[in-house]
Amino acid sequence: MTVEGPSIDSTRPSIARVYDYLLGGKDNYAVDREVGDVFFRDLPGSVAIAFANRAALTRAIAQIVTTTGIRQFIDLGSGLPTADNVHQVAQRHAPESRIVYVDNDPQVLVHGCALLEQNDRTRVVRADVRDPDAVRSHPDTLELIDFDRPVAVVLSAVLHHVNDEEDPAGIVRRWRDHVPSGSHFFISHFRTGDNPETAEAERVLQQTFGRGRWRTDQEIASLLDGLEILDPGIVPAPLWRPDTTANRWSTDGVQPELSVWQHLIVAGLARKA
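Here is what the cut-offs are and how they apply
Every residue gets a number counted from 1 within its own chain, in the order that chain's sequence is written. For this predicted model, a pLDDT threshold of at least 70 governs which residues receive local features, and a threshold of 80 or more governs which side-chain atom pairs are given and counted, while totals over whole chains, interfaces and linings are taken from all residues. Side-chain measures were taken over the full set of non-hydrogen atoms in the model, leaving aside hydrogen atoms and water. Secondary structure counts use DSSP, requiring at least four H or I residues in a row for a helix and at least two E residues in a row for a strand, with both numbered from the N terminus. In what follows, a contact means two residues having at least one pair of non-hydrogen atoms within 4.5 Å. Between 30 and 60 degrees the pair is tilted, below 30 it is stacked and above 60 it is edge-to-face, where a pair is any two Phe, Tyr or Trp rings, Trp via its six-membered ring, whose centres lie within 6.5 Å. Working definition: with a 1.4 Å probe on protein chains only, accessible area under 20% of the residue-type maximum means buried, over 50% means exposed, and in between means partly exposed. Strand pairing is assigned whenever DSSP detects at least two bridges linking the two strands. N or O atoms within 3.5 Å of each other form a polar contact, as long as, within protein, one can give a hydrogen and the other can take it, and as long as residues adjacent in sequence are counted only when both atoms are side-chain atoms.

Caption draft 1: Region of the structure containing the environment of proline 232. Relative to the helices and strands, proline 232 is located in the loop between strand S6 (228-229) and strand S7 (235-236). When near neighbours in sequence (up to four residues on either side) are disregarded, proline 232 contacts Leu239, Trp240 and Arg241.

Structure follows, in structure tokens:
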């Protein structure tokens, strides 16, 4: 696979690279680390958001594969490759699973193609998540995804980077209208926090990237209008179908109280009837 398009700009922070830095990755530049260090230094505990989100995504992919029979995934705004990428989790349980990653960040595309070069059941598509039709009609998407069969559409930590005027609900609706019954939608999203810490975190991201909208629980749920939101609903990511055998759970299966940061990222899974 080859990548054509804009070159990597190491002088401006990238959402994908800042996220990579927060997760302990190496695919970032000084300008990205400068943004990430604001969270490490001034907002201690906020890095838990990235890890909570990634863990919920991993659980969601595993459960979709093992409980629904779905074997094809479209990961919108996939970000830089890290541990337990969607294809790794899905193919661990069902090697025949097919995954299309979608992003428009040049570094994501370069690294994604390098990682997936030997995996003939994955593709990396350069497209903007705000243009569902371009993603759906892309030759690489059509080569791998059978839209006559259920698809899992993954929107992990991406829609809070889409402004209201860009119609995030319309993005989901467009996919909902063009996938068959039985398709699933996984979403995670920053929720509005009524406290100084989360207000500052939101300010830093919006000032850095010039976009983004954190939303209330009701607004996040409305992004999934027309879909059946499955149990346990839209909840903080650590509480979304948690692994009760993990060390953070007590021996009686009771989850310790979440931090203010762990409440800030919510997750949910929905199904098209």
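Here the narrative resumes.
Caption draft 2: Just the packing of aromatic side chains, in detail. Per the stated rule, a full pass over the model turns up two aromatic pairs. Summarising the aromatic geometry, the rings of phenylalanine 186 and tryptophan 240 are spaced 5.9 Å apart at their centres and angled 70 degrees between planes, so their arrangement reads as edge-to-face. One end of the pair, phenylalanine 186, is in strand S5 (residues 184-190); the other, tryptophan 240, is in the loop between S7 and strand S8 (265-271), and 54 residues separate them in sequence. Of the residues examined, phenylalanine 186 reaches a relative accessible area of 0% and is grouped as buried. For tryptophan 240, a relative accessible area of 0% puts it in the buried group. Centre to centre, the rings of phenylalanine 190 and tryptophan 214 are 4.6 Å apart; their planes meet at 55 degrees, and the pair counts as tilted. Of this pair, phenylalanine 190 sits in strand S5 while tryptophan 214 sits in the loop between helix H9 (196-209) and helix H10 (217-222); the two residues are 24 residues apart in sequence, bridging distant segments of the chain.

Caption draft 3: Structural context of the pairing of strand S3 (residues 122-126). Of all five residues in S3, four are buried, a share of seventy percent or more. In this structure, strand S2 (residues 98-103) lies alongside S3, joined through five bridges in parallel fashion. Residue pairing in the sheet places tyrosine 101 in a bridge with valine 124 of S3.

Caption draft 4: Structural detail: the side chain of serine 156. One can find serine 156 in strand S4 (residues 152-156). At 3.4 Å, the side chain of serine 156 and the side chain of serine 188 are in polar contact. Those residues in contact with serine 156 that sit more than four places away from it in its chain are Asn53, Leu57, Gly77, Phe186 and Ser188.

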